[in-house]
Amino acid sequence: MTPTPAKIRILLADDHTLVRRGVRLILDAEPDLEVVAEAADGAEAVAALRDVEVDLVILDVAMPRLTGLQAARSIARMRTPPKMLMLSMHDNEQYFFEALKVGASGYVLKSVADEDLVNACRTAMNGQAFVYPGAMSALVRDYLDRLHRGESLPNNVLTEREDEVLKLIAEGHSTREIARELTISYKTVERHRENILAKLGLRDRTQVTRYAIRAGLIEP
């Protein structure tokens, strides 16, 4: 008798319980896929990987505490990181580029998850990039070609710590609250705030919030 192939073990992270439930139903219905763990935000996903061994992590782009993109950066630094896919409601080329930069194997739109997600999982596990149809422009093809050739790509404008501070500012947290959340001093938060505004050419919290939405740090 031919042995049954091992299932692809999946960690699913999304801050909406109903979305997780729906996505899980899609994945668990497949004979080769199995959701073995769930997380409600990026920080939970990173923490869960210390206790659960998985082959693939599916991360919502915009989640509280750590976004999917921020979590993906941390996961990519692990000794033997699992494959990663980003899940989003936004058909946004910038999010797609960021997903590739942080090491994800693809970007799946929630609106067509029932059609694309299973294929994306299998594509990622085969070591290939899944590109949703709407993103397959000449610009994206060029970007993927450059990645394949190992060419250097532009670095992020902000550091990871500045990304974290930016997200918390956009969510409405005060400087004191941000300092407590990130375990840094009040003055350090203020310095990060000044650097963020200077680098991005922004003036106030409203502009910071708009930028954070475009960059996938918070939901609109």
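All values derive from a computational prediction rather than experimental measurement.

## Examining the pattern of salt bridges
Enumeration over the complete set of coordinates arrives at 13 salt bridges. As a salt-bridge pair, Arg-161 and Glu-164 come within 2.8 Å of each other at their nearest N and O atoms. Linking Arg-161 with Glu-164, this pair stays in helix α7 (residues 160-170), spanning 3 residues, or about one helical turn. You can call Glu-164 partly exposed: its relative accessible area is 23%. Because the salt bridges share partners, they merge into one network encompassing Arg-20, Arg-24, Asp-28 and Glu-38.

## A short note on unusual backbone geometry
Backbone phi values are negative for most residues with the exception of glycine, while trans is the configuration of most peptide bonds. A positive phi angle, close to 65 degrees, is found at Arg-65, a residue other than glycine. Along the chain, Arg-65 turns up in the loop between β3 (56-60) and α3 (68-76). The exposure class assigned to Arg-65 is exposed, which follows from its relative accessible area of 51%.

## With respect to the sheet that holds strand β6 (residues 130-131)
The strand order across the open sheet formed by 6 strands is β2-β1-β3-β4-β5-β6, and the pairing between neighbours is parallel. For this open sheet the edge positions go to β2 (33-39) and β6, each flanked by a neighbour on one side alone. Here strand β4 (residues 83-88) pairs with strand β5 (residues 106-109) via 3 bridges, running parallel. From the neighbouring strand, Ser-88 faces β5, where its bridge partner is Leu-109. Lying on the sheet, helix α5 (residues 113-125) is in contact with β1 (8-13), β2, β3, β4, β5 and β6; it crosses β4 at an angle near 160 degrees.

## Concerning the pairing of β5
The side chains of a regular strand alternate, first on one face of the sheet and then on the other. What you see with β5 is no split at all: Gly-106 and Val-108 on one side and Tyr-107 and Leu-109 on the other are buried throughout. Note: β5 against β6, 2 bridges, orientation parallel. Along β6, the bridge assignment pairs Tyr-107 with Val-131. For the handedness criterion, the β-α-β arrangement of β5, α5 and β6 is classed as left-handed.

## Remarks on the pairing of β4
Of all 6 residues that make up β4, 5 are buried, and the element is covered over most of its length. For β3 and β4, the ladder comprises 5 bridges, and the chain directions are parallel. Within the sheet, the bridge partner assigned to Leu-56 lies in β4 and is Lys-83. As a crossover connection, the stretch from β3 through α3 into β4 is right-handed.

Parameters at a glance
- Residues numbered from 1 in each chain as written.
- Predicted model: local features only at pLDDT ≥ 70, side-chain atom pairs only at ≥ 80, totals over all residues.
- Heavy atoms only, no water.
- Salt bridge = Lys/Arg side-chain N within 4 Å of Asp/Glu carboxyl O.
- Helix = DSSP H or I, 4+ residues; strand = E, 2+ residues; numbered from the N terminus.
- Buried < 20%, exposed > 50% of the residue type's maximum accessible area, 1.4 Å probe, protein only.
- Pairing = 2+ DSSP bridges.
- Contact = heavy atoms within 4.5 Å.
- Axes fitted to C-alpha atoms, helices over the stretch in contact; angles between N-to-C directions.
- Right-handed = clockwise from strand over helix to strand, strands pointing away.

Interpretation note: all reported values are geometric properties and have no functional meaning in isolation.
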